[in-house]
Amino acid sequence: MTEVTMTVNGRKVRRDVPDETLLSEFLRESLRLTGTHVGCDTTQCGACVVHVNGAAVKSCSALAVALDGAEVTTIEGLAPNGELHPMQKAFNDNHGLQCGFCTPGMIMTSVDMVEKAKAAGKTLTEAEIRHGLEGNICRCTGYHNIVKAVAQAAQEM
Ligand code: FES
Ligand code: FES
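None of the values given here were measured: they were computed from a predicted structure.

Attention now goes to the overall build of the protein. When helices and strands are tallied, the protein shows five helices and five strands. Across the protein, helices and strands are ordered from the amino to the carboxyl terminus as β-β-α-β-β-β-α-α-α-α. Projected onto its principal axes, the C-alpha coordinates of the protein cover approximately 45 × 30 × 30 Å. Across the 157 residues that make up the protein, the buried fraction comes to 45%. For the protein, restricting intrachain contacts to residue pairs at least 6 apart in sequence, the fraction spanning at least 24 positions comes to 57%. Carbon and sulfur atoms form 48% of the exposed surface of the protein, whose accessible area is close to 8,000 Å².

What follows covers unusual backbone geometry. Even without being a glycine, Asn 9 presents a positive backbone phi close to 55°. Structurally, the position occupied by Asn 9 is in the loop between strand S1 (2–8) and strand S2 (11–17). By relative accessible area, which is 28% here, Asn 9 ends up partly exposed. Its identity is not glycine, yet His 95 carries a phi of approximately 55°, on the positive side. Residue placement: His 95 occurs in the loop between helix H2 (86–93) and helix H3 (103–119). For His 95, a relative accessible area of 57% corresponds to the exposed category.

On strand S3 (residues 49–52), burial covers both faces: Val 49 and His 51 on one face and Val 50 and Val 52 on the other are all buried. Bridge analysis of S3 against strand S4 (residues 55–58) gives four bridges, and the strand direction is antiparallel. Bridged to Val 52 within S4 is Ala 55. Between S3 and S4, which follow one another and run antiparallel, lie two residues, and Asn 53 among them has a positive phi close to 50°. Pairing of S3 with strand S5 (residues 71–73) involves two bridges; the strand directions are antiparallel. Within S5, the residue paired with Val 52 across the bridge is Val 72.

Entries for the protein in the domain assignment read domain 1 (2–78) and domain 2 (86–156). Taken together, the contacts link 19 residues of domain 1 with 14 residues of domain 2. It is His 51, Ile 75 and Leu 78 that lose the most area in domain 1 upon contact with domain 2, and together they represent 35% of the buried surface on that side. The tally of links between domain 1 and domain 2 comes to zero salt bridges.

Counting buried positions over the seven residues of S1 gives five, a clear majority of the element. Across seven bridges, S1 lies against S2 in antiparallel orientation. When the bridges of S2 are listed, Thr 7 appears paired with Lys 12. Hairpin connection of S1 to S2: two residues between the antiparallel strands, including Asn 9 at a positive phi of 55°. Note: S1 against S5, two bridges, orientation parallel. Bridge assignment links Val 8 to a residue of S5, and that residue is Val 72.

Before going further, it helps to spend a moment on the sheet that holds S5. The five strands lie next to each other as S2-S1-S5-S3-S4, forming an open sheet whose pairing is mixed. Each having just a single partner strand, S2 and S4 make up the two edges of the open sheet. Each adjacent strand pair in this sheet contributes to an overall mean axis angle of 40°, direction not counted. Against the sheet, helix H1 (residues 23–30) touches S1, S2, S3 and S5, its axis set at about 105° to S2. Where H3 meets the sheet, it contacts S3, S4 and S5, and its direction lies at approximately 40° from that of S3.

The rules behind the values
Residues numbered from 1 in each chain as written. Chains lettered and ligands numbered in written order. Predicted model: local features only at pLDDT ≥ 70, side-chain atom pairs only at ≥ 80, totals over all residues. Heavy atoms only, no water. Helix = DSSP H or I, 4+ residues; strand = E, 2+ residues; numbered from the N terminus. Buried < 20%, exposed > 50% of the residue type's maximum accessible area, 1.4 Å probe, protein only. Contact = heavy atoms within 4.5 Å. Areas by Shrake-Rupley, 256 points an atom, 1.4 Å probe, with all protein chains shown as cover. Pairing = 2+ DSSP bridges. Domains from an automatic or database assignment. Buried area = accessible area lost by both parts, 1.4 Å probe. Salt bridge = Lys/Arg side-chain N within 4 Å of Asp/Glu carboxyl O. Axes fitted to C-alpha atoms, helices over the stretch in contact; angles between N-to-C directions.

Structure representation (structure tokens):
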């Protein structure tokens with residue numbers, strides 16, 4: 001067991017975990033933050049994406065012990081006061097989800113994509129949004145409304 005300390009959604013947490021614990025397991029099982037979903041555990045689906053030190057990361061691909069001291073934001077941290085983040089609102093407005101399994105990862109990936117584009121002074125094209133979502137799989141929506149949602153949020157963020 002190794003002691004891991006992180007700041008998760010603005011709150012400092014400390015837990016003893018086995019060395020092989022994935023960040024996704026740490027979030028879901030140690031912290032009970034079950035908004036981060038696990039669809040494959042093999043870095044394919046993107047359902048587990050969270051932000052680590054400000055960048056989107058597939059949490060099934062990272063060991064918790066390697067992230068000692070990191071700042072992590074999960075889907076729960078996007079709406080800390082119950083008011084939807086513009087990306088969450090845009091997914092709702094555009095029917096960018098059906099079963100919702102992929103949605104936390106889609107949203108965390110999309111927020112990172114839009115923030116990076118804004119920092120670079122760029123307006124995302126539809127092709128760039130689709131490219132940015134290549135690591136996120138949705139079995140329900142056909143992606144069109146997800147792309148529309150990201151484009152709307154990019155205007156509002
Ligand atoms: S659970 Fe992490 S990419 Fe699928
Ligand atoms: S909404 Fe069902 S997997 Fe995307």
